[in-house]
Amino acid sequence: MVRLLKSVLIIFSFLFLCVTVVFAEDITITTYYPSPYGSYNALQTNRLGVGDNNADGVLNSSDVPGTNGDVWVSGHITMGYQVVTVTIPSTYDIGWYTCDCPAGKRALGGACSGSGVSYTYIDAGGAGYHCYKNNQFAGNWQIQAVCANML
Ligand SMILES: [Ca+2]
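A.B. asks: Please provide a residue-by-residue account of the overall build of the protein chain, values included.
C.D. replies: Assigned secondary structure in the protein chain consists of 1 helix and 8 strands. Counted from the first residue to the last, the protein chain has its helices and strands arranged as α-β-β-β-β-β-β-β-β. A compact globule built from 151 residues should have a C-alpha radius of gyration of about 15 Å, whereas the protein chain, at 33 Å, is more than 25% larger. Dimensions along the principal axes, computed over C-alpha positions, put the protein chain at roughly 115 × 35 × 30 Å. Burial status across the protein chain gives 13% buried among its 151 residues. Restricting the contact set of the protein chain to residue pairs at least 6 apart, pairs at least 24 apart contribute 56%.

Structure (structure tokens):
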């Protein structure tokens, strides 16, 4: 009797394995390296290299700084910038005018449009962009400041 039960158990086990194999499905997983895009809640690293920093046409470990805490970037860095524009009426006197950045932002650059502008500079503290109007009758003109987030 025990022998019969063992035989039946072996037969059912064999049939179960055969059914499992018959109904198995294939799953293909494709991975990419380096990953083309990534989204993270938090990212921490000791060193960071962005782009081909040594301009040898290859992206490898020689493009990453050797000192912990360093960041190398081969391109430009954009930090949530915004452009602020101020219009200066033609009736305003000759002199310096400023386009201030909002609080918490720092001027990275700017532009002055219209005739009668002779000098420009970024505020030393990054508060805004300055333009010198040298002609009272040149018409309305504008000052634009490119302001980025600062820590
Ligand atoms: Ca390189």
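A.B. asks: Which residues make up the domain arrangement of the protein chain, and what are the values?
C.D. replies: What the domain assignment lists for the protein chain is domain 1 (1-77) and domain 2 (82-149). Here the C-alpha centre of domain 2 lies 52 Å away from the C-alpha centre of domain 1.

A.B. asks: How would you explain the sheet that holds strand S3 (residues 82-88) if you had to name every residue and give the values?
C.D. replies: If you walk across this open sheet you meet the 3 strands as S3-S8-S5, and the pairing is antiparallel. Looking along the sheet, the strands with just one partner apiece sit at the ends: S3 and strand S5 (105-113). The sheet shows a mean angle of 25 degrees between the axes of neighbouring strands, taken without regard to direction. Here S5 runs beside strand S8 (residues 141-149); their pairing, made up of 8 bridges, is antiparallel. When the sheet's bridge partners are listed, Ser113 is paired in S8 with Gln142.

A.B. asks: Lay out the nonpolar core in plain terms, naming residues and giving numbers.
C.D. replies: Among the nonpolar cores identified, the biggest contains 13 residues, and Ala107, Cys112, Tyr129, Ile143, Ala145 and Cys147 are the most heavily contacted of them. In terms of residues, this core owes the most to one element, S8, which gives 5 residues. Setting aside chain neighbours within four positions, we find Ala107 in contact with Cys101, Ile122, Asp123, Gly126, Ala127, Gly128, Tyr129, Ala145, Val146 and Cys147.

A.B. asks: Which residues make up the sheet that holds strand S6 (residues 117-122), and what values go with them?
C.D. replies: Strand order in the open sheet made by the 3 strands is S4-S7-S6, with antiparallel pairing throughout. Two strands close off the open sheet at either side, each with one partner strand: strand S4 (95-100) and S6. With direction set aside, neighbouring strand axes in the sheet form an average angle of 20 degrees. Pairing analysis gives 6 bridges linking S4 to strand S7 (residues 128-133), with the strands arranged antiparallel. Within S7, the position partnered with Tyr97 by the bridge is Cys131.

A.B. asks: Outline the environment of Gln82, supporting the account with residue identities and numerical values.
C.D. replies: Checked against the element boundaries, Gln82 lands in strand S3. Separated by 65 residues in the primary sequence, Gln82 and Cys147 have C-alpha atoms spaced 5.3 Å apart.

A.B. asks: For the environment of Gly109, give the residues involved together with the corresponding values.
C.D. replies: Structurally, Gly109 can be placed in strand S5. Along the backbone, Gly109 and Gly126 are 17 residues apart, and their C-alpha atoms lie at a distance of 9.1 Å. Not counting the four nearest positions on each side in its chain, Gly109 is found in contact with Ile122 and Val146.

Conventions we followed
Residues numbered from 1 in each chain as written. Predicted model: local features only at pLDDT ≥ 70, side-chain atom pairs only at ≥ 80, totals over all residues. Helix = DSSP H or I, 4+ residues; strand = E, 2+ residues; numbered from the N terminus. Rg over C-alpha atoms; globule rule 2.2 N^0.38 Å. Buried ≥ 20, exposed ≤ 12 C-beta atoms within 10 Å, placed from the backbone. Contact = placed C-beta atoms within 7 Å. Domains from an automatic or database assignment. Pairing = 2+ DSSP bridges. Axes fitted to C-alpha atoms, helices over the stretch in contact; angles between N-to-C directions. Core = buried A, V, L, I, M, F, W, Y, C linked by C-beta atoms within 7 Å.

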